[in-house]
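Observations on the three-dimensional arrangement
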Amino acid sequence: MNQYAAIPQASNGVAPTVLSAIQSLSSQDALSSHTTHSFSANPDASIALLREIIATTSQISQSFDSHLSSPLLNPKLPSLYRQHSAISHTVNRADQNIRQTLGSLRKRVGINYGEDIPLDRTSMVEWCISRLETWGTAAAMESFREEERQGRMTVVLGGKVLVVDIDFSVDRADPERPKVDVANLKTSYAFPNGASGSTTQGSLSLDGFLADGLQAFLTEAQKEADVQDSIRAARLGTLFAEHLSYLMRLDQLALREGDGGLRWFKGIDSLALEIEQFATREAQVVTSTQSHPVPLDVFLMRSHTLPLPYISTPSISFLVHLSPLAYLHLLRTSASAPSAPSKPDTKLPAIDISFAHLRSHLSKHPRPEGATVASLILSSTRQPTSTDDAMGMPQLSPRPSFTLVPAEAFVDNTFPQPPSLPHSPATAPYSWVLDFTDGGKYPGVVMSQSRMREIELVINPLSGLSNMGHVPMMAFGTGSWLHLLLSPQNIVSSERYTALYTSPTSAHPPLQLRLTAPEEPGFVLETVPVRNMKEVWAVLEVVREQCWLNETLRACHWTPEGLFADDDPETDSTDATTDDLQAVLNGTLVPRRIPVNVYLPSPFFDAEDSLSLGLAPQGGAKIVMTCPERPPISGLVQISVAFDPSRPWGVALHVNGAMGVDLQIDVLEQVCRRGGLLGLPGRIWAKAHGNV
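An account of the accompanying structure is given in this report. Residues take numbers from 1 onward in each chain, read along the sequence in its written order. Only residues with pLDDT of at least 70 get local features here, since the model is predicted, and only at 80 or more are side-chain atom pairs given and counted; chain-wide, interface and lining totals rely on the full set of residues. Side-chain calculation: all heavy atoms of the structure are included, whereas hydrogens and water are not.

What makes two strands pair is DSSP finding at least two bridges between them. Helical segments are the DSSP runs of H or I of at least four residues, strand segments are the runs of E of at least two, and each set is numbered from the N terminus. The pairing of strand β3 (residues 162–171) with strand β4 (residues 179–189) spans 10 bridges and is classified as antiparallel. The partner of Ile166 across the bridge, within β4, is Leu185. Both β4 and strand β5 (residues 200–201) contribute to a ladder of two bridges, which runs antiparallel. The residue bridging Tyr189 from the neighbouring strand is Thr200, located in β5.

Let us look at the packing of aromatic side chains. Pairing of aromatic rings covers Phe, Tyr and the six-membered ring of Trp, with a centre-to-centre limit of 6.5 Å; geometry is then stacked below 30 degrees between planes, edge-to-face above 60, and tilted otherwise. The final tally for this structure, using the stated rule, is 10 aromatic pairs. In this structure an aromatic cluster arises from ring pairing among Trp127, Trp135, Phe217 and Phe240.

Our focus in this paragraph is the side chain of Asp435. Mapping Asp435 onto the fold places it in strand β9 (residues 431–435). Buried means the residue's accessible area, taken with a 1.4 Å probe over protein chains only, is under 20% of the maximum for its type, while exposed means over 50%, and partly exposed covers the values in between. All tallies of charge rest on Lys and Arg as positive and Asp and Glu as negative; His and the ends of each chain are not included. One side-chain nitrogen of Lys or Arg within 4 Å of one carboxyl oxygen of Asp or Glu is enough to make a salt bridge. Lys441 provides the closest opposite charge to the buried, salt-bridge-free Asp435, at an N-O distance of 7.4 Å. In protein, a polar contact requires one atom able to donate a hydrogen and another able to accept it; more generally it is a pair of N or O atoms within 3.5 Å, and residues adjacent in sequence count only if both atoms are side-chain atoms. Engagement of the side chain of Asp435 in a polar contact is seen with the side chain of Thr437, the distance being 2.7 Å.

According to the stated counting rule, one finds 16 salt bridges in the structure shown. Glu495 serves as the salt-bridge partner of Arg496, at 3.6 Å between the closest nitrogen and oxygen. Several salt bridges share partner residues, and in doing so they unite Glu126, Glu133 and Arg145 into one network.

For every element, the axis is a line fit to its C-alpha atoms; helices are fit only across the contacting stretch, and the angle between N-to-C directions ranges from 0 to 180 degrees. Orientation of helix α11 (residues 449–459) relative to helix α14 (residues 533–553), taken along the N-to-C sense of each, is 175 degrees, at an axis distance of 9 Å. Taken together, the axes of α11 and α14 are roughly antiparallel relative to one another. Of the residues in α14, those touching α11 at Arg451, Glu454, Ile455, Val458 and Ile459 are Glu535, Ala538, Val539, Val542, Val543, Glu545, Gln546 and Leu549. Of the residues that constitute the contact of α11 with α14, the class distribution is eight nonpolar, one polar and four charged. When describing relative orientation, an angle under 35 degrees is termed roughly parallel and one over 145 degrees roughly antiparallel, while 65 to 115 degrees is termed roughly perpendicular and anything else oblique. Any two residues whose heavy atoms approach within 4.5 Å are treated as being in contact. Only Asp, Glu, Lys and Arg are considered charged in this grouping, and only Ala, Val, Leu, Ile, Met, Phe, Trp, Tyr, Cys and Pro are considered nonpolar; every other residue, Gly among them, is considered polar.

This part is about empty space enclosed by the protein. With a probe scaled to a water molecule rolled over the atoms, the places where space remains empty come into view. The definitions used throughout rest on a 1 Å grid laid over the protein atoms alone, on which a cavity is an enclosed set of points accommodating a 1.4 Å probe that cannot get out and a pocket is an open set flanked by protein within 12 Å on both sides along at least five of seven lines; lining residues are those having an atom within 4 Å of a point. Grid points are joined across faces, edges and corners, and a volume is the space filled by probe spheres set on the points. Tallying each qualifying case throughout the model produces six cavities of 30 Å³ or more. If you trace the largest cavity, you find it lined by Ile594, Cys627, Pro628, Glu629, Arg630, Val637, Ala658, Val661, Pro681, Ile684, Trp685 and Ala688. Elements that contribute at least two residues to the lining of the largest cavity include exactly β17 (622–628) and α18 (680–688). For the lining of the largest cavity, the element with the highest residue contribution is α18, accounting for four residues. Across the lining of the largest cavity, the residue classes break down as 10 nonpolar, no polar and two charged. There is about 60 Å³ of room inside the second largest cavity. Lining the second largest cavity are Tyr189, Ser203, Leu206, Leu247, Leu250, Trp264, Phe265, Ile268, Tyr310 and Pro314. Of all the secondary structure elements, the ones that give two or more residues to the lining of the second largest cavity are α6 (230–257) and α7 (263–287).

Set out below in structure tokens:
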């Protein structure tokens, strides 16, 4: 009996072997441990891959069982098997390398060879208009162009419902270098079955968003040759084409519903207005304990994110978190940035960074480091979230929580759902998702398993408990979410990480930080399906806590312990003197380095207890540090910093030990807010020795 008979025949008629089946699943790009989950950008592919692994494992087991039950008639058969396996391994490895190389080249994201901008400047106007028509045609829109008259030209892009009128101003003062700009852009909606000639004016915010995107492309394409960036022009053009494709997705849904389909276009504006009003109320509460206007970083720590409609997509985006360094950069650049005059009746939150400068900063490519942005978009890449499992279930998660305003004041809008139609390639299912990758342009957010479970509990309680409830915490050696955050390029996961924290003012000796990796796996959160704003608030709360942990740890350069030969602290070979001995006896010896142990407690989570008692994960994001007491006192000083939106600076500090030291907790909490959390042991040491 052939040992490979249990494996099914391939589509090309060649029977795959056990070895080839294993190699196909063990390739470098076949299985990614941190994106194979239901919150990845393509969950359908992840589920299909996991099912393929289960089916292949079953087939291999059947093949081995059938082979073991067969009598060994030929004594040379084992050696022939080994020879055949060696040959098959060589052939499969060569084929696998070729496939991986081709796959990597095809899957490259953000690779382009630039826009084919004409060298003949006299044809620039015609070329720019033709590019716009090409983008509209690619998005299934019809284009109509009017002839240029008195320096004006109009192009109309029309879908079934959506109509985009674009007026261009053409400057031909220099015949050799004509120039075209966007003079006006208006969107409107017209239903084929509606009243004759009836149209509805579109969103002014959407008009400005599309006009700015198109003008940015025109400006870059018409620059002088020595400063022109064809790659950036291509990226801006692709981005505008993606906006048109997304709007045509809404156009198809609006057409199915007739006159009621306007909700797909107008719902975003009304929702954005309500969310901005809610954010304004939260900012007013924060202002009561802070200065006016409220610092942006404090607002993000204590409130439910900052809504930013039409910043990267024709929808609503949320600024979830800013690292202290990113906020400092924003604060410094805002002083020199031109600010638009603020309207007295504005309903936006009063923050210390102008919205114009903030939107301009976050719209840059690549996005500034330390900024976490989530976009609420309608996606067709995943199956809609089923609500049957959660019907009649009590609320197991305490999120969203409301520490600033009453719970009755928060926005709990349910997003419009597409009409139920038979599934077909033309009627792909749609669902609302929170996208943390900006359409795959950026990596997602590194999350711990406990917080991924909490998100699952928010979205679908029964699904979360059944799918992830019996997955134990991983032991050392199988990976930690900290490894995914700090050293993803290393194959081996380290148990501990070390870093050297030096005071900028030399107020204390350097801190030798030693971080113990929690025995908890990690995943990369990319997209989350949501049905209403309550789920959005809850998911963003969980992500905000994780971002606070991630950015706090990224403030230092961590090195995996034991992987490098030069990671041990330097030793001083000088001989000790009598003065050194006397300083030790008096307790006044200044150490060369202060050892600090850093821990990250994991939230308590028991799926079965949560189901029976109606509980959710206990405890939030927290960082615990221990360092020696000052001589001659023995023992340790324990410093605990927890994420706490109810506190004035968004963190709660607790210090156990440091006897006799007058600590100002409010001042130290503000130090944590400014990015000095990991330097707290040094500040306490300096305070104990009278240096601060």
